[in-house]
Amino acid sequence: MSLTPQESEYLENKIGRKPNPLELQIVAAEWSEHCSYKSSKKHLRILPKEGKRVISGPGYDSGVLDVGDGYVVTVHIESHNHPSAVEPYGGAATGVGGVIRDILSAGTRPIAILDGLRFGNIEKDNHAMWLFKNAVRGIADYGNCLGIPTIGGEIEFDKCFTNYALVDVASIGFGKKENLIKNKAEKGDYVVLIGGSTGRDGIGGSQFASDKLEAENRSAVQIPDPFIEKLVIEVILEARNQKCIKAMKDLGGGGLSCAISETADALGVGIELDLSLVHKREQNMSPSELMVSESQERMLVITDLKKLVSLKKICEKFRVPYSVIGRVKEDKLMKVKLDKSTIANLPSQIVANAPLLDRPSSLPKYLKNIEKIKKPKTPQDLSKTLLRMLSNPNIASKHWVYTQYDHEVGIRTVVKPGSDGSVLRLDNGKFLAAKIDGNSKHCYVNPRDGVMGCFDEACRNVICTGAKPIGMVDHLQFGNPEDPEIFWTFKESVQAITDYAKYFQIPCVGGKVSLYNETDKGPIKPTPLIGVLGLIEKKPLVSQKIENGDLVIIVGTTKDELGGSEYYEYVHNVTGGKCPSVDMKTSKKIQDAVLDLIQSCTIKVAHDCSKGGLGIAVSKLCITNDIGCTISLEKIPSEKLSHDELLFSESHSRFLLVIKPQDENKVMALLAKSAVQHARAGVFSGKDIVFQQKTSAIVRVRVDKAQEKWLNSLGALVTHG
Amino acid sequence: MKTVKVAVIVFPGSNCDRDMHHVLTDVFHLQSQLVWHTDALPKNIDAIVLPGGFSYGDRLRAGVIAAHSPVIKDVKKMAEKGMPILGVCNGFQILVESGLLPGALLKNTSLNFMCKWTEIIVQNNKTPFTNKLKLGQKIPIAIANGEGRYYADKKTLELLKKNNQIVFTYGEEVNGASLGIAGISNKQGNVVGMMPHPERSAEQIINPNNAKPASLIFESLLNTLGVTA
């Protein structure tokens, strides 16, 4: 929980003296992996960050995208893994709170939350179930109270998360471009701390998150208070409207140490603060506790003398505590005082910029043979297998989770959770689609193909709503970066994201790196998460009710790619094989063709084909529309595959389109013109889900039976164990 | 055309206030005004709405602290004068806690917060918020609450029935509410509280079913105040 000998030496060289113990605490907080990105920063530079909609500014904690007509959308993603693994309710709740404040920092109102959750095998592991239930409740209680809808997300269960939890939260903001905070400060400006009081919770949280989880450290976990966060949001937005904010930053990892040093560094100024002025929750807190406490619901605002009075009035209206803790200086130092005496005095540029590392990396040994597995035997009764797959917690409906989240508040949610991508209406008449995707099973089998697949999947989901992807965020979660093999998977992932982002011209507008995700049992599988935002200029594709006689068109090729698939892992308990891989050229062609179709034709439903493959994708359409379907396996564009492979391969770049029979010629002609692999694979009718080879049924399952499995499995598991 | 003024009261923690304001002004073209709970009610208002949310973070019990806000005294005076007053979700909880409506709202039987679409059925179409609806008409509507289970003792329930105070019931079993109650009125009928969210359901773009019935709740108010929509 302190500096390495090399870092100590570097610091002493830079400041020309030995730091005092408080200074050392401040620097150690800021130079933690969590705050400084010292292992990852050099590698993140390759990500393409420019784009015609991207607005960048000094000190923004979130990505900003221009959506036209004077409006902007902001987006950010963060995780709260270590805290959630110890105290899932508080950890997950404060995870929501933290990312919301990043959105607020830009001067935009948070309008949506998406979350990605990962736990151990809840079918067998009670502790994993406890983590899962309480993380969900934490997110629900926090987000619901704030009145910010949780519009989507994803959940994955895997043995590699045993005794651990990944809680990722993304948030989207919306506002007027002219209201974006400019982040400028001048000598003499006032530094105001607004919101929750500072206490002894979350002490050293950023360092706690920068080491593997060995012992439960409850004092490092922050305590949530959504009510004060809600008030802070309203205070900040009213202050923004009254132009009271010259610069702003939220207090997150590293507490005051990071907020002050990073603000001063980003603005090119000095900040002098007096810790005796900070409003506190507890008595006799030491200066170092005050500097590294990660108490939640706090914002740092810089304002001038003229606006300070108005700012105070706004805080008083909402009865939100505040304290004027310091002033802006010209000297570029962060000077910490306690009453009259100076107790720390450091150049902010040094504090805010940890010396970066060159971590060694090497190809993980396990990857050498992972593709070479003996293929599992095709089960006798594939109907049974399909039902089993539908009740797999990774595939079964997550409505037990998202009905606990208010996903309607704000009255923007046009396409609701449980669909492919979610869609929000914006004030300029356009629509924003959003989706996050991750897949630790794929990423373990092949880090490069795996993460590219997540990116492709998120794009496909957004395209299914009729949106064009305009920006992405990534969240890179790995084990200990000091292990060269783990670091190799990190580097490989960043390169893959970069390649895909460049090819598809989707700028990376934000992201986060979370390392040291491991317990005594070892590291997690590589789990990068990709979030994609898409813009719909005119009308979103809202799924229409499927009727008797409607046709299903499949676009894309099904390949021998079952490595890391739910079928291999869940049904056969096999890890390995060839992971689905994205051919960017083909994928781009398919995405463009499908988006064109959605925009120019009457497509009733566009559905992405991913986890669980074609078998699950078709079943979901049947289940949610209460209608049967007959699919002819021989018509599906594919490599030479056995029936189970055809049903459950998770090959990317595939879509299912549902159309009315009278639109068939038009749709098929357009697809033929785009020269993408496609076929009319089947017809909806009856009460059975049927996959047939010529005329013999390989799978026949009653829709109501499938419904029962898919809809109720997760809820039943949670309620009855 | 007469200008109708509606006060939407904002408590610390209200979070459906702006949604309600949007629907009243942009969809139904009423003159809606957000009123902070410590401010006096504006003069010449024609109706009051207590919106949903988590006033005071649902501390102690949903709605109980807001029920003691300064503005509630004025709301009570207006209620006595017969002004149309609507409480939605947390607003309903506040009306109950302030004694303007009988009964209590308890935790859902699932013990979970519940956000979903359901149907409610009109049981009283004489109130200022239901007079454009038909008796027995079904309204597809959004619900989102943790403490939404309406409860009253037998005697109160009998009185509610006798006085025609049950305004809406659920079309399916939702949360274990007494008599499946989704909304009630006071004896005079001018104060209505409901757990479901009409402001989330009155625009077709966000309602996955038919938004027309929910929009009639607002059109009823316009009708009551003598404005033709």
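Reading guide: rules and limits
- Residues numbered from 1 in each chain as written.
- Chains lettered and ligands numbered in written order.
- Predicted model: local features only at pLDDT ≥ 70, side-chain atom pairs only at ≥ 80, totals over all residues.
- Heavy atoms only, no water.
- Helix = DSSP H or I, 4+ residues; strand = E, 2+ residues; numbered from the N terminus.
- Buried < 20%, exposed > 50% of the residue type's maximum accessible area, 1.4 Å probe, protein only.
- Contact = heavy atoms within 4.5 Å.
- Areas by Shrake-Rupley, 256 points an atom, 1.4 Å probe, with all protein chains shown as cover.
- Lys, Arg positive; Asp, Glu negative; His and termini not counted.
- Charge placed at Lys NZ, Arg CZ, Asp CG, Glu CD.
- Core = buried A, V, L, I, M, F, W, Y, C linked by side-chain atoms within 4.5 Å.
- UniProt positions renumbered as here; feature names shortened; annotations may be inferred.
- Salt bridge = Lys/Arg side-chain N within 4 Å of Asp/Glu carboxyl O.
- Buried area = accessible area lost by both parts, 1.4 Å probe.
- Polar contact = N/O pair within 3.5 Å; in protein donor to acceptor, adjacent residues only side chain to side chain.
- Phe/Tyr/Trp six-rings, centres within 6.5 Å; stacked < 30°, edge-to-face > 60°.
- Pairing = 2+ DSSP bridges.
- Axes fitted to C-alpha atoms, helices over the stretch in contact; angles between N-to-C directions.
- pLDDT = per-residue confidence, 0-100.

### Digging into the overall build of chain B
Scanning chain B from terminus to terminus reveals five helices and 11 strands. Here the C-alpha coordinates of chain B stretch approximately 45 × 35 × 35 Å along the principal axes. Looking at chain B as a whole, 64% of its 229 residues qualify as buried. In chain B, the proportion of contacts linking residues at least 24 apart, taken out of those at least 6 apart, comes to 74%. Approximately 9,000 Å² of chain B is accessible, and the part contributed by carbon and sulfur atoms is 51%. Charged side chains of chain B number 24 positive and 18 negative; the gap between the two group centres comes to 6 Å.

### With respect to the nonpolar core
Core analysis: the biggest nonpolar cluster contains 170 residues, and F132 and F455 of chain A together with I48, I139, Y150 and F168 of chain B have the highest contact counts within it. With 10 residues, helix α7 (residues 126–146) of chain A is the single largest residue contributor to this core. M389, L390, I627 and A679 of chain A belong to the second largest nonpolar core, which has 43 residues in total.

### Topic: the UniProt feature "domain: PurM-like C-terminal" (unreviewed entry) in chain A
The sites that UniProt annotates as "domain: PurM-like C-terminal" (unreviewed entry) are residues 187–337 and 548–685 of chain A. Along residues 548–685 of chain A one finds 38% helix and 18% strand; the C-alpha atoms at either end are 5 Å apart.

### Regarding the pattern of salt bridges
Pairing between side chains of opposite charge can happen when their charged atoms approach one another. Under the criterion given, the structure shown has 53 salt bridges over all chains. K604 of chain A is paired through a salt bridge with D550 of chain A; the nearest N and O atoms lie 2.6 Å apart. Separated by 54 residues along the polypeptide, K604 of chain A in the loop between α20 (584–600) and β23 (605–608) and D550 of chain A in the loop between β21 (529–536) and β22 (551–555) bring together distant segments of the chain. The class of K604 of chain A is buried, set by a relative accessible area of 2%. Taking the relative accessible area as the measure of exposure, D550 of chain A reaches 2% and is therefore buried. The salt bridge involving E219 of chain B is made with K212 of chain B; its shortest N-O contact spans 3.7 Å. On the accessibility criterion, K212 of chain B (44% relative accessible area) is partly exposed. Each member of the salt-bridge network shares a partner with another, and the members are R118, E154, E156, D158, K441, K525, E566 and E569 of chain A.

### Observations concerning the interface of chain A and chain B
Accessible area lost upon the coming together of the parts is a frequently used measure of interface size. Listed as interface residues are 28 residues of chain A and, on the opposing side, 27 residues of chain B. For the pairing of chain A and chain B, the buried interface totals around 2,300 Å² over both sides, and the portion due to carbon and sulfur atoms is 59%. A per-residue breakdown of the area chain A buries against chain B is headed by F227, I411 and R425 of chain A, which together make up 25% of the total. Between chain A and chain B we count three salt bridges in total. The closest approach of N and O atoms between D406 of chain A and R200 of chain B, which form a salt bridge, is 3.0 Å. At the surface where chain A touches chain B, the tally comes to 10 residue pairs in polar contact (both at pLDDT 80 or more).

### As for the packing of aromatic side chains
Counted under the stated rule, the structure contains 19 aromatic pairs over all chains. Ring geometry for F54 of chain B against F113 of chain B: centres 6.4 Å apart, planes inclined by 20 degrees, an arrangement best described as stacked. Here the residue F54 of chain B occupies a position in the loop between β3 (47–50) and α2 (70–80), and F113 of chain B occupies one in the loop between β5 (104–106) and β6 (114–122), the gap between them amounting to 59 residues. Among the aromatic residues, those joined into a cluster by ring pairs are F119, F132, F157 and W400 of chain A.

### Concerning the sheet that holds strand β7 (residues 190–195) of chain A
All names here are of chain A. Pairing in this open sheet of seven strands is mixed, and the strands run β8-β10-β7-β11-β9-β12-β13 from one edge to the other. Edge positions in the open sheet fall to β8 (247–250) and β13 (341–347), since each of these has one partner strand only. Strand-to-strand twist across the sheet, computed as the mean angle between neighbouring axes with direction ignored, equals 20 degrees. In the sheet, β7 pairs with strand β10 (residues 298–303) via six bridges, with the strands oriented antiparallel. Looking at the pairing, Y190 lines up with T303 of β10. Here helix α10 (residues 255–267) sits on the sheet and contacts β7, β8, β9 (270–274), β10, β11 (322–329) and β12 (333–338); the angle it forms with β10, its principal contact strand, is near 30 degrees. Helix α12 (residues 305–317) rests against β7, β10 and β11 of the sheet, and its axis sits at about 10 degrees to β7.

### Topic: the sheet that holds strand β18 (residues 508–514) of chain A
Residues and elements named next belong to chain A. An order of β14-β15-β16-β21-β17-β18 is seen for the six strands of this open sheet, with the pairing classed as mixed. Each of the sheet's edge strands pairs with one partner strand only, and the pair in question is β14 (413–415) and β18. Neighbour to neighbour, the strand axes of the sheet diverge by 25 degrees on average, direction disregarded. Against the sheet, helix α18 (residues 484–504) contacts β17 (468–477), β18 and β21, and its axis sits at roughly 175 degrees relative to β17.

### Here's the deal with the confidence of the model for chain B
The predicted structure's coordinates, where accompanied by low pLDDT, should not be read in detail. This prediction gives chain B a mean pLDDT of 96; 98% of its residues lie at or above 70. Confidence metrics for the complex model read pTM 0.96 and ipTM 0.96.

### Structural notes on the UniProt feature "active site" (unreviewed entry) in chain B
Residue and element names in this part refer to chain B. UniProt's entry tags C89, H197 and E199 with the feature "active site" (unreviewed entry), counted in the numbering of this structure. Sequence-wise these annotated residues cover 111 residues; spatially they are packed, their C-alpha atoms never more than 10.9 Å apart. Here C89 shows up in the loop between β4 (85–88) and α3 (90–97). Excluding residues that lie within four positions of it along the chain, C89 makes contacts with G52, A144, N145, M194, M195 and H197. Assessed through its relative accessible area of 1%, E199 is described here as buried. In terms of polar contacts, E199 uses its side chain to reach the side chain of H197, at 2.8 Å.

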